[in-house]
Amino acid sequence: MKLVAPLNAFGRGDLAMAGGKGANLGELVRNSFPVPGGFVVTTHAYELVAQGRNTRAAFERVELPDDLRQEIVVAYTALGGGPVAVRSSATAEDLPGAAFAGQQDTYLNVVGEAALLDAVRRCWASLFTDRAIAYRAKLGIDDSEVRIAVVVQSMVEADVAGVMFTANPVSGDRAQIVIDASSGLGEAVVSGLVTPDHYVLHPSGRADFTPGRREVVIRGTAGGGVTRESGTGEGAERLPDAVLAELGRLGREVAAHFGRPQDIEWAYAGGRVRLLQARPMTALPPPPVGRLNPVQRRLATVLLEYLPERPYPIDMSTWVPYGPAGLMGKVLGAFGVRRAFEGFLREEDGVVYQLLPPAPRPTVKVLATPFRLLAKARRYDPARWTRDPRFRDYLAAIEELGARDLGAMSWAELRRVPRQALALVTPVADLRVDYLPGFGLAMLRLLVTARLLGRRALFGDLLHGARTRTTDTNRALEHLAEVARRTGALDTEPPPAEFADALAAFLAEYGHRETASPLLVTVPTWGDAPEVVLDLVRVLAAGPPPQKEPDDALERLLAHPLLRSKRRRARVARWVAAARAGVAFREDSHFYFMMPQPVLRRSLLEMGRRLRAAGVLGQPEDVFHLRLEELEAIADVAALRGEEADRLRETVRARAAKREELTGVRLLDPAAVFPASDPGDALVTGAPAGGGSATGPVKVIRTPAEFGRLAAGDVLVCPYTNPSWTPLFQQAAAVVVDTGGTASHAAIVAREYGIPAVMGTGTATSVLVDGQVVTVNGDTGTVTGQAVTAHDGAVTDAP
């Protein structure tokens, strides 16, 4: 059992003994990178002295055993006995998703045996500072699972030092290297005491330079410790090109060796570059996607709207490939287009980190597509799709699976249910392949007719009269709101029986609707989160009953002089009815397609509950961090223990930490999908979705949990929408959305209610603020009004 060993005794596989920092430095030393010499006081030494101590004060007072003290002194003497840097190296740090940067202590320019031993004790003690304990709690890491080693290295009295990122931490560009540098020790840069010189190294060899201000210089003192000197306030001299080239070369080699972008601390002294630390970069944005073609932009618009949250591993192995995205991929594949909805989400360490807009590719089958489309359009009428035996069989199969008692099942039975639920969606995909051509043909026929008659502007309004399950949902919500107003149900607890019965009936019919995303199984449905429904009811009940725009588009079209004959009028009316039936098919097939999702979600949570009972998971929802095949590999949850249980716990912990790390990182930069344009006098611009113009105060609603904040007459500003959001449109004055296009649910329903809508703004939720009075023009795609500034915490109109 090693208590103290030289750095080159360790590699990246020795994290349990040397901690993250020590293991990485040892790996660099072994591979001949320029790292100052040093040694590691291992985690075995920590365990030897810990003896149940779990407070900072207890470790600061601890006496080292004589044999450990002697080993440290011998290693220090072998190093030369001069100034050293003493750094903490915990076993949980420098892991993907858990950098622990700055959470434990570092002591620089430590001189003498007594000072060194004291610094080692204080490094141990730093494991139990308030900030370190809080950080571990945030990542779900139990204090009892963490050990700490201490790295001791010869001190480098740097002329210039700093930090190097082997990928651009702002743009995510993996081809760029970013270097921050300042005079003296790098601690001034790391701790944010100075505005450093800033370099961006490009693959071409060009280096962009922004001078810093050198406010503080940290240097070692002769007797040990460091001193802070006031800087000149002037930019430091630029690093020589040869030094920049050497740093760039070392950075690329270290990143290649570890297989991922690195955060490297470095020092330049005596004409040499030394590497002091290397750890994986955290919270790194995905690489830029470059210029998207029009098809990619259109698909990205849809996917951004449908993915407001980062998918979990269980999503990636269930509903993402089998749900609506998989369905559309199958539909397009049937007509000769491949890679339309495949591989658009990239994972790292088992967690999704990037949305890469797909680039569909036609196959030779596409040559026959026009003939197949026409054949299917003649055979399959969207107005009759619910009479198809496949649809009736589908509903029966869902009812049978949904009625089964998951809690009474054995583990062997339960682990088969997710695949059974996923298998149910196949018939709907087949129905869409067969009936969508009729929808497309009806739309094309009506569009051509409207253009030929000079009534193109009526096209959108002509589709509004279709009765769909979405309009049924909204009417049912209006009925709930009417009952709530009449009975005062929202102000009494428990609510009156009439309202409780109406709510139960509503959830039985519509409870499978998604709250946030149709592509994910991890987000709750209305049935899982009835409070979302109650918030919608509260919004509707607070205002007058909605008044929909009159459906007179058909009458206006039929009034055309060329349609005076009854025969022509009847034919055009049938074409309008066919297009409306196609719209209803598109909406309703999605409504029914989502029905297996609640069964799938309940089965996964039941598995999570059993894993929690077995001591593997902290809560049932932790099962979302596992993939379906990992769950299926568990033969018997009751017998789950030992190495297999430990492996699952560590998998969940690591993926949860990685997900937490990426909390503020977007899957895709909206600017790549919605390119910036000159807004002129507008605050925000986007795709015009019609509806004229309206003025009102902004209300930013980011999630379904905030539905209840909307008041009648507010301008609804949101990051995305889906059918579950559309009841809010009954009270909103206008709608402004970060994502989506003119064919999205939000745009269609907004036109039905006659309110202005601007889609795909990219920035509305970050530019507009609550209470700001704006005018939304749905015909020009602009949002205008006075800009705002913050004064003493309040938002006011700017002068």
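Predicted model, so just to flag it, every value in this text is computed and none were measured.

Q: I'd like a rundown of the overall build of the protein, residues and numbers included.
A: Within the protein one finds 29 helices and 27 strands. Relative to its full complement of 799 residues, the protein shows a buried share of 53%. Across the protein, every contact between residues at least 6 apart in sequence was considered, and the portion connecting residues at least 24 apart equals 68%. With an accessible surface of roughly 34,000 Å², the protein has 52% of that area assigned to carbon and sulfur atoms. For the protein, the distance from the average position of its 91 positive side-chain charges to the average position of its 92 negative side-chain charges is 10 Å.

Q: Got a sec to walk through the sheet that holds strand β25 (residues 782–785)? Specific residues and values, please.
A: Ordered in space as β18-β25-β24-β20-β21-β22-β23-β19, the eight strands form an open sheet in which the pairing is mixed. Of all the strands in the sheet, the pair left with one neighbour each is β18 (684–685) and β19 (687–688). Where strand β21 (residues 715–718) meets strand β22 (residues 734–737), four bridges bridge the pair, whose relative direction is parallel. Within β22, the position partnered with Val717 by the bridge is Val736.

Q: Break down the confidence of the model for the protein for me, with residues and values.
A: On average, residues of the protein score 90 in pLDDT, and 95% of them are at 70 or above. The element-level mean pLDDT for the protein is lowest in strand β27 (residues 794–797), coming to 43, with helix α10 (residues 313–316) highest at 98.

Q: Outline the environment of Thr369, supporting the account with residue identities and numerical values.
A: Examined against the element boundaries, Thr369 turns out to sit in helix α13 (residues 369–379). It is 20 Å that separates the C-alpha atoms of Thr369 and Arg586, two residues lying 217 residues apart in sequence. Among all residues touching Thr369, those that are not within four sequence positions of it are Phe335 and Gly336. Here Phe335 takes part through its backbone oxygen, which lies 2.6 Å from a polar atom of the side chain of Thr369.

Q: Quick one: what's the story with the pattern of salt bridges, residue by residue and with numbers?
A: This model, assessed by the stated rule, comprises 47 salt bridges. The salt bridge partner of Arg69 is Glu63, with a shortest N-O separation of 3.4 Å. With relative accessibility at 29%, the residue Arg69 sits in the partly exposed group. Taking the relative accessible area as the measure of exposure, Glu63 reaches 59% and is therefore exposed. Within the structure, one salt-bridge network assembled from shared partners comprises Arg260, Glu348, Asp349, Lys658 and Glu661.

Q: Run through the packing of aromatic side chains, naming residues and quoting values.
A: Considering all chains together, one arrives at 17 aromatic pairs under this definition. Through a chain of ring-to-ring contacts, the aromatic side chains of Tyr380, Trp385, Phe391, Tyr435, Phe506, Tyr510, Trp526, Phe585, Phe591 and Tyr592 assemble into a single cluster. The ring of Tyr312 carries the charged tip of Arg659 above its face, separated from the ring centre by 3.5 Å.

Q: Report on the pairing of β25, specifying residues and quantitative values.
A: In this structure, β18 lies alongside β25, joined through two bridges in antiparallel fashion. The partner of Val684 across the bridge, within β25, is Val783. Judged from the four bridges that link them, strand β24 (residues 773–777) and β25 form a sheet pairing that is antiparallel. In the strand pairing of β25, Val776 is matched with Val783. In sequence, β24 turns back onto β25 through a hairpin of four residues, with Gly781 there showing a positive phi of about 75°.

Q: Tell me about the pairing of strand β4 (residues 106–110), residues and numbers included.
A: Where burial is concerned, most of β4 is hidden: four out of the five residues are buried. When strand β3 (residues 84–90) meets β4, the two strands line up antiparallel, connected through three bridges. Each bridged residue has a counterpart across the sheet, and for Arg87 the counterpart in β4 is Thr106.

Q: How would you sum up the packing of helix α20 (residues 497–510) against helix α21 (residues 530–542)? Please name residues and give values.
A: With their axes 12 Å apart at the nearest point, α20 and α21 run at an angle of 120° to one another. The two elements α20 and α21 meet at a crossing, and its hand is right-handed. Counted together, Phe499, Leu503, Phe506 and Leu507 of α20 and Pro530, Val533, Leu534 and Val537 of α21 form the full contact between these two elements. In terms of residue class, the contact of α20 with α21 is built from eight nonpolar, no polar and no charged.

Q: I'd like a rundown of unusual backbone geometry, residues and numbers included.
A: Pro494 follows Glu493 through a cis peptide bond whose omega is 0°. In this structure, Pro494 sits in the loop between α19 (469–487) and α20. Located in the positive-phi region is Ser32, a residue other than glycine, with phi close to 65°. Mapped onto the fold, Ser32 is located in the loop between α1 (15–30) and β2 (38–41). Exposure remark for Ser32: the relative accessible area of 66% places this residue in the exposed category.

Q: Report on the packing of α19 against α20, specifying residues and quantitative values.
A: The contact between α19 and α20 brings their axes to 10 Å, and the two run at 170°. One way to sum up the angle between α19 and α20 is to call them roughly antiparallel. Touching Arg469, Asp472, Thr473, Ala476, Leu477, Leu480, Val483, Ala484, Arg486 and Thr487 of α19 are Glu498, Phe499, Ala502, Leu503, Phe506, Glu509 and Tyr510, all from α20. Here the residues of the contact of α19 with α20 are counted per class, giving ten nonpolar, two polar and five charged.

Q: An account of helix α9 (residues 294–306) is requested, with residue identities and associated values reported.
A: In this model, α9 (13 residues) spans 19 Å end to end at C-alpha, consistent with the 18 Å of a helix rising 1.5 Å per residue. Those residues of α9 that sit buried are Gln296, Leu299, Ala300, Thr301, Leu303, Leu304, Glu305 and Tyr306. At its buried positions, α9 is contacted by β16 (351–355), α27 (670–673), α28 (745–753) and β23 (757–759). The backbone nitrogen of Val295 lies 3.0 Å from a side-chain oxygen of the residue at the head of α9, namely Asn293.

Q: Describe in detail the nonpolar core, supporting the description with residues and values.
A: Of all hydrophobic cores here, the largest spans 138 residues; its most connected members are Leu611 and Phe729. Considering every element that reaches this core, the biggest residue donor is helix α17 (residues 426–452), with ten residues. For Phe729, the contacting residues outside a window of four places in its chain are Leu716, Thr721, Val735, Ala746, Val749, Ala750, Tyr753 and Ile755. One finds Ala50, Val62, Leu68 and Ile141 within the second-largest nonpolar core, a separate group that totals 35 residues.

Q: Tell me about the sheet that holds strand β12 (residues 262–269), and name the residues and values.
A: In space, the six strands of this open sheet follow the order β9-β8-β7-β6-β12-β13, with antiparallel pairing throughout. Both edges of this open sheet fall to β9 (207–210) and β13 (272–280), since each of them pairs with a single strand only. Across the sheet, the mean angle separating the axes of adjacent strands is 20° when strand polarity is ignored. Pairing analysis gives six bridges linking strand β6 (residues 160–165) to strand β7 (residues 177–183), with the strands arranged antiparallel. Bridge pairing in β7 places Gly162 opposite Ala181.

Q: Quick one: what's the story with the environment of Gly52, residue by residue and with numbers?
A: Turning to its location among the elements, Gly52 is positioned in the loop between α2 (43–50) and α3 (56–60). Counting along the chain gives 92 residues from Gly52 to Ser144, while the straight-line C-alpha distance between them is 9.8 Å.

Q: Go over α20, please, and point to the residues and values.
A: Across its 14 residues, α20 extends 20 Å between first and last C-alpha, which sits within 8% of the 20 Å expected from 1.5 Å per residue. Within the sequence span of α20, burial applies to Phe499, Ala502, Leu503, Phe506 and Tyr510. The buried residues of α20 occupy one face: seen down the axis, they fall within an arc of 100°. Turned more than 90 degrees from where α20 packs its buried face, Ala497, Asp501 and Ala508 sit exposed.

Quick notes on the rules
- Residues numbered from 1 in each chain as written.
- Predicted model: local features only at pLDDT ≥ 70, side-chain atom pairs only at ≥ 80, totals over all residues.
- Heavy atoms only, no water.
- Helix = DSSP H or I, 4+ residues; strand = E, 2+ residues; numbered from the N terminus.
- Buried < 20%, exposed > 50% of the residue type's maximum accessible area, 1.4 Å probe, protein only.
- Contact = heavy atoms within 4.5 Å.
- Areas by Shrake-Rupley, 256 points an atom, 1.4 Å probe, with all protein chains shown as cover.
- Lys, Arg positive; Asp, Glu negative; His and termini not counted.
- Charge placed at Lys NZ, Arg CZ, Asp CG, Glu CD.
- Pairing = 2+ DSSP bridges.
- pLDDT = per-residue confidence, 0-100.
- Polar contact = N/O pair within 3.5 Å; in protein donor to acceptor, adjacent residues only side chain to side chain.
- Salt bridge = Lys/Arg side-chain N within 4 Å of Asp/Glu carboxyl O.
- Phe/Tyr/Trp six-rings, centres within 6.5 Å; stacked < 30°, edge-to-face > 60°.
- Lys NZ or Arg CZ within 6 Å of the ring centre and 35° of its normal.
- Axes fitted to C-alpha atoms, helices over the stretch in contact; angles between N-to-C directions.
- Left-handed = near helix turned anticlockwise from the far one by under 90°.
- Nonpolar A, V, L, I, M, F, W, Y, C, P; charged D, E, K, R; others polar.
- Parallel < 35°, antiparallel > 145°, perpendicular 65-115°, else oblique.
- Expected span 1.5 Å × (residues − 1).
- Core = buried A, V, L, I, M, F, W, Y, C linked by side-chain atoms within 4.5 Å.
- Arc of directions from axis to C-beta.

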